[in-house]
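Summary of structural features
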Amino acid sequence: MFRFHKSLDVIQLFHKAGSPASTKVVNLLKQISAAASETATEDQASDHSPQTNNRRDVFELTVTEEPPTADQLTTMLDYAGQPGISSIVKGATTTTEALRLFEQNPDNLKRPVVVDWNNGKIYAGSEESEILKMLNALPPKN
């Protein structure tokens, strides 16, 4: 039977080399990606009970040190919404202001910035719990 395969979600990190916070986020995203793509161990393969592990589906991770394009930044600001604009671009409170400040100096982008392009989510910063929450990769609460 013919079946369409869903493409992988694209998670992109706008990374700043030399930044400990950004390096921390790269490592975290690599760990989440690796955990999402793990196959069952021998013990798990013999366990036929329902699995309760609510972890993230496999995704494509892209890490770039390049600044986003103007179109990407506009989309990112839309994802962040009005209250989140200042967390993405230094000194900005509106989309127009953010685009102008970014055009003047791409370093006004607050890195690290994690973007889930398929699900319309964004987080600027290195707070592990916020990134895990955004990516729906938190373990279930007992």
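Residues numbered from 1 in each chain as written. Predicted model: local features only at pLDDT ≥ 70, side-chain atom pairs only at ≥ 80, totals over all residues. Heavy atoms only, no water.

Under an unreviewed UniProt entry, the name given to the chain is Thioredoxin-like protein, and the organism recorded is Podospora aff. communis PSN243. Under the UniProt heading Subcellular location (unreviewed entry), the note attached to the chain is "Mitochondrion". UniProt lists a comment for the chain under the heading Sequence similarities (unreviewed entry), and it reads "Belongs to the FMP46 family." (UniProt positions renumbered as here; feature names shortened; annotations may be inferred.)

**Observations concerning the environment of I88**
Tracing the chain through its elements places I88 in helix α3 (residues 70-88). Taking the C-alpha atoms as reference points, I88 and G125, 37 residues apart in sequence, are found 9.0 Å from one another. With sequence-adjacent residues up to four places away left out, I88 is seen in contact with L73, M76, L77, A80, N108, L109, K110, I122 and A124. (Helix = DSSP H or I, 4+ residues; strand = E, 2+ residues; numbered from the N terminus. Contact = heavy atoms within 4.5 Å.)

**So, unusual backbone geometry**
With omega at 5°, the peptide bond leading from R111 into P112 counts as cis. Examined against the element boundaries, P112 turns out to sit in the loop between α4 (95-104) and β3 (113-116).

**A closer look at helix α1 (residues 20-37)**
For α1, with 18 residues, the first-to-last C-alpha span of 26 Å sits near the 26 Å given by 1.5 Å per residue. Taken as a whole, α1 has its buried residues at S22, V25, V26, L28, L29, I32, S33 and A36. In a view along the axis of α1, the buried residues occupy a sector of 170°, so they form one face of it. Those residues of α1 that are exposed and aimed more than 90 degrees away from the buried face are P20 and Q31. (Expected span 1.5 Å × (residues − 1). Buried < 20%, exposed > 50% of the residue type's maximum accessible area, 1.4 Å probe, protein only. Arc of directions from axis to C-beta.)

**Quick notes on the sheet that holds strand β4 (residues 121-124)**
With mixed pairing, the four strands of this open sheet are ordered in space as β2-β1-β3-β4. Edge positions in the sheet fall to β2 (59-64) and β4, since each has one partner strand and no second. With direction set aside, neighbouring strand axes in the sheet form an average angle of 15°. Across six bridges, the pairing between strand β1 (residues 9-14) and β2 is parallel. Residue pairing for β2: V10 is matched across the bridge by E60. Contacts from α1 reach β1, β2 and β3, with the element oriented near 160° to β2. Strand contacts of α3: β1, β3 and β4, with the helix running at about 55° to β4, the strand carrying the most contacts. (Pairing = 2+ DSSP bridges. Axes fitted to C-alpha atoms, helices over the stretch in contact; angles between N-to-C directions.)

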